[in-house]
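Topology and contacts: notes
Read off the chains here:
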Amino acid sequence: MKSVKIIKISAGNFSFWYGAMKALSGISMDIYENAVTGIIGPSGCGKSTFLRSINRMNDLIRGSRADGAMLLDGKNIFEPDVDVVELRRRVGMVFQRSNPFPKTIFDNVAYGLRVNGIKDRNYIAAKVEKSLKDAALWGEVKDRLRQNAFELSGGQQQRLCIARALAVEPEVLLMDEPASALDPTATLKVEELIHELKKKYAIIIVTHNMQQAARISDYTAFFMMGELVEYDQTTKIFTNPSKKITEEYITGRFG
Amino acid sequence: MKAKQAEEIIGFLLLRLCMAVIVVILCVIFYDSITKGIGSVSWEFLTAMPKNGMTEGGIFPAITGTFLVTVITAVLAIPLGMGCAIYLNEYAADTMVTRLIRLSIRNLSGVPSIVYGLFGVVLFVQFMRFGTCLLSAGCTLGLMTLPWTITASEEALKNVPKAYREGALALGATKWQSIRTNVLPYAVPGMLTGTILGLARAAGETAPILFTGAAFFMPFLPESLFSQFMALPYHLYIMSTQHHAITKVRPLAYGTALVLIVLVFAMNFSAVVIRYHLRKVKKE
Ligand SMILES: Nc1ncnc2c1ncn2[C@@H]1O[C@H](COP(=O)(O)OP(=O)(O)OP(=O)(O)O)[C@@H](O)[C@H]1O
Ligand SMILES: [Mg+2]
């Protein structure tokens, strides 16, 4: 573990509502640069909601409301002068359900570059190649970049979505169960990838797989019913949690 | 068990019967117009002016007129309808007002065409001073087609998964960029399908053009947007009910009907082709 920890994201008493339904209440936690932060917790506890608040994806949901602070590099992203488009470029996201666009493999990865105004073909081609390599997909697709992305397998599609997110050089990467639809080999690949990526990014990953959380994350947050129950270094959470309920959840003794 | 099976069989028979009735009716109409009309359809019929008080000659000006007026309809209804649908589906908040607007649009598609005709007279012919002409008739048909275009376009937009929009936004696309590059390309074929069906209906309408621009008889082609014009459906109406020698021109009327049916059929068929391609692309 590095001696100097830089705080990348900081949630301060952050709450979130879908209409009258409170999905997150009073979350306060710091997320560090060059580290993987795992979020675990039972289904429906607000993991995705928390993730989708960091790039303000939840803005799109009618009747939703946020309260409290979510700081990115010390600046509250919910302030009115924040450029949401720029925020979303800086905070990349891999969705819970992999969502390649019905375009070619190449165009999928190039999409983010193009919408950000990059026209230089050589640059785009080089960037697409680099992103696909970073996402450990290049070897499998380099001869068929012009094929429709829907022809890829589920695991390849998920890595394509990762490559697509990497292409625009985000600072933070939000991954919502990136390995939930993958076989063990593909999961391993994605995990190695995450390990590699944390050298450059702050990564937040939601997972239902306890072993996976223990393997890849440096910090782990345990959410339950919209509240942050416990947040600490992964080793601490998995060996000596301070709350009984955390231990019960991790060991699977929990309903 | 037995009773259940019998019920099943009877149900299926009834459904088949409904289907058969429809097919038979369609076939009779087709058979009737083809057998009676095909005799009058010739190259000359399609390309010549009407002669001798429309008892001889062709229907070229009517074909041209219908073509031109449909083009005007399309020019008006397609961009306006698509724009409206994009606004309603992508931008407008889901409020009482939007819902009311949507409901009104749905209802407008059920308003009788003669009402549009009268409205066209008031708005385009008189108030905007276009006079009775191609432009007035095209605009009237355009108005009539709009509800269809809007509804079909909105459906097409709804069919594009939300994940495409979110995925684009998450990469730093603006809302309009995500719509233009990641929603519209997948919605346009569906939008066109609905629009073409609406246009086909407009091409076959008589009432909206009756007072707004269609001419009883014109031995020359329209010269500008402000000329009157002949149109297939109106020509057919005249030939079968208003002509001074109705029995004599009956074959010509059937010929006109056949041309009109083929035209509408061709438009609908192209809509089906587009939809078929759309399905194929989606499956890939
Ligand atoms: N668009 C929405 N509108 C209304 N309620 C929502 C919406 N999305 C999520 N919720 C509710 O918010 C709560 C938290 O949902 P969230 O998706 O964040 O859970 P999660 O922890 O990611 O669950 P899972 O592990 O199943 O993905 C749930 O009760 C859910 O029903
Ligand atoms: Mg989730």
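Rules and cut-offs
Residues numbered from 1 in each chain as written. Chains lettered and ligands numbered in written order. Predicted model: local features only at pLDDT ≥ 70, side-chain atom pairs only at ≥ 80, totals over all residues. Heavy atoms only, no water. Helix = DSSP H or I, 4+ residues; strand = E, 2+ residues; numbered from the N terminus. Buried < 20%, exposed > 50% of the residue type's maximum accessible area, 1.4 Å probe, protein only. Contact = heavy atoms within 4.5 Å. Areas by Shrake-Rupley, 256 points an atom, 1.4 Å probe, with all protein chains shown as cover. Phe/Tyr/Trp six-rings, centres within 6.5 Å; stacked < 30°, edge-to-face > 60°. Lys NZ or Arg CZ within 6 Å of the ring centre and 35° of its normal. Core = buried A, V, L, I, M, F, W, Y, C linked by side-chain atoms within 4.5 Å. Salt bridge = Lys/Arg side-chain N within 4 Å of Asp/Glu carboxyl O. Buried area = accessible area lost by both parts, 1.4 Å probe. Polar contact = N/O pair within 3.5 Å; in protein donor to acceptor, adjacent residues only side chain to side chain. Nonpolar A, V, L, I, M, F, W, Y, C, P; charged D, E, K, R; others polar. pLDDT = per-residue confidence, 0-100. Donors = N, O, S within 2.8 Å, 3.2 Å for Na, K, Ca; no water. Near = heavy atom within 4 Å. Pairing = 2+ DSSP bridges. Axes fitted to C-alpha atoms, helices over the stretch in contact; angles between N-to-C directions. Expected span 1.5 Å × (residues − 1). Arc of directions from axis to C-beta.

Considerations on the overall build of chain B
Scanning chain B for helices and strands turns up twelve helices and two strands. Going from N to C terminus, chain B has its helices and strands arranged as α-α-β-β-α-α-α-α-α-α-α-α-α-α. If one aligns the C-alpha atoms of chain B with their principal axes, the spans along those axes are about 70 × 65 × 35 Å. Within chain B, buried positions represent 45% of all 284 residues. Considering only contacts in chain B between residues 6 or more positions apart, those separated by 24 or more positions represent 74%. Accessible area of chain B: about 15,000 Å², with a carbon and sulfur share of 72%.

Focus on the packing of aromatic side chains
Inspection of every chain in the model, using the stated rule, returns 13 aromatic pairs over all chains. Arranged with centres 5.3 Å apart and planes meeting at 70°, the rings of Phe 16 of chain A and Tyr 18 of chain A form a pair that is edge-to-face. Relative to Phe 226 of chain B, the ring of Phe 130 of chain B has its centre 6.2 Å away and its plane inclined at 65°; by these criteria the two rings are edge-to-face. One end of the pair, Phe 130 of chain B, is in the loop between α5 (113-127) and α6 (134-158); the other, Phe 226 of chain B, is in the loop between α10 (207-210) and α11 (232-242), with 96 residues separating them in the sequence. Among the aromatic side chains, those forming a connected cluster through ring pairs are Phe 101 and Tyr 111 of chain A together with Tyr 164 and Tyr 186 of chain B. Geometry around Phe 106 of chain A places Arg 146 of chain A over its ring, the cationic atom sitting 4.6 Å from the centre. In this arrangement the basic side chain of Lys 175 of chain B is found over the ring face of Tyr 91 of chain B, its NZ or CZ atom lying 5.0 Å from the centre.

Thoughts on the nonpolar core
Grouped together as the largest cluster of nonpolar side chains are 37 residues, with contacts concentrated most on Leu 132, Leu 160, Ile 162, Met 175, Ile 194, Leu 197 and Ile 203 of chain A. Those elements that place two or more of their residues in this core are α3 (105-115), α4 (121-134), α5 (138-141), α6 (154-167), β7 (172-176), α7 (184-197) and β8 (202-206) of chain A. Of the residues forming this core, the biggest block, seven residues, is contributed by α6 of chain A. For Ile 162 of chain A, the residues in contact, after removing those within four places along its chain, are Val 94, Ala 135, Met 175, Val 190, Leu 193 and Leu 197 of chain A. With 32 residues, the next largest nonpolar core counts Tyr 116, Tyr 234, Val 249 and Leu 260 of chain B among its residues.

Here we look at the pattern of salt bridges
All names here are of chain A. What the rule picks out here adds up to 26 salt bridges over all chains. With its nearest N and O atoms 2.6 Å apart, the salt bridge here joins Lys 133 to Glu 129. Linking Lys 133 with Glu 129, this pair stays in helix α4, spanning four residues, or about one helical turn. One connected set of salt bridges, linked through shared partners, spans Lys 8, Asp 73, Arg 90 and Glu 171.

Things to note about the interface of chain A and chain B
Counting residues at the interface gives 24 residues for chain A and 21 residues for chain B. Between chain A and chain B the total buried area reaches about 1,900 Å² when both faces are included, carbon and sulfur atoms providing 58% of it. The largest share of the area that chain A buries against chain B comes from Arg 62, Tyr 111 and Val 115 of chain A, three residues that together contribute 26% of it. Our count for the contact surface shared by chain A and chain B stands at one salt bridge. Our count for the chain A to chain B interface comes out at nine residue pairs in polar contact (both at pLDDT 80 or more). Grouping the constituent residues of the side of chain A that touches chain B by class yields 14 nonpolar, four polar and six charged.

A short note on the confidence of the model for chain A
In low-pLDDT segments, the atomic positions of the prediction should not be examined closely. Taken over all residues, the pLDDT of chain A has a mean of 91, while the share at 70 or more is 98%. Here α7 of chain A stands out as the least confident element of chain A, with mean pLDDT 85; α3 of chain A is the most confident, with 96.

Overview of the coordination of the magnesium ion (ligand 2)
Looking at the magnesium ion (ligand 2), the protein donor atoms are Ser 48 of chain A (OG) and Gln 96 of chain A (OE1), and they sit 1.9 to 2.5 Å from it. Here Ser 48 of chain A is found in helix α1 (residues 47-54), whereas its partner Gln 96 of chain A is found in the loop between β6 (91-94) and α3, with 48 residues between them in sequence.

Digging into the site of ligand 1
Residues and elements named next belong to chain A. Around ligand 1 there are 14 residues in total, and Ser 43, Lys 47, Ser 48, Thr 49 and His 208 lie nearest to it. Between an oxygen atom of ligand 1 and a main-chain N or O atom of Gly 46, the distance comes to 3.0 Å. With respect to ligand 1, the side chain of Gln 96 contributes an N or O atom lying 3.0 Å from an oxygen atom. When the free accessible area of ligand 1 is taken as 630 Å², the share hidden by the protein chains comes to 64%. Secondary-structure elements contributing two or more residues to the shell around ligand 1 are β2 (21-32) and α1. Considering each element in turn, the shell around ligand 1 owes the most residues, three residues, to α1. Along the lines of polarity and charge, the residues of the shell around ligand 1 split into five nonpolar, seven polar and two charged.

Let's talk about the sheet that holds β6 of chain A
All names here are of chain A. One open sheet accounts for six strands, arranged β6-β7-β8-β3-β9-β10; its pairing is mixed. Looking at strand neighbours, the two that pair on one side only are β6 and β10 (227-233), the edges of this open sheet. Taken over all neighbouring pairs, the strand axes of this sheet differ in orientation by 15° on average, direction set aside. Where strand β3 (residues 36-40) and strand β9 (residues 219-224) come together, four bridges link them in parallel fashion. Of the residues in β9, the one forming a bridge with Gly 38 is Thr 220.

Quick notes on helix α4 (residues 96-108) of chain B
The α-helix advances 3.6 residues per turn, and as a result positions three or four apart in sequence lie on the same side. Residue and element names in this part refer to chain B. Relative to the 18 Å expected for 13 residues at 1.5 Å per residue, α4 spans 18 Å between its end C-alpha atoms, a close match to the ideal helical length. Among all positions in α4, only Thr 98, Arg 102 and Ile 105 are buried. All buried residues of α4 fall inside an arc of 60° around its axis, so they share one side. The outward face of α4, more than 90 degrees from its buried face, is lined by the exposed residues Met 96, Val 97, Leu 100, Leu 103 and Asn 107. Each element contacted by the buried residues of α4 is listed here: α3 (60-91) and α6.

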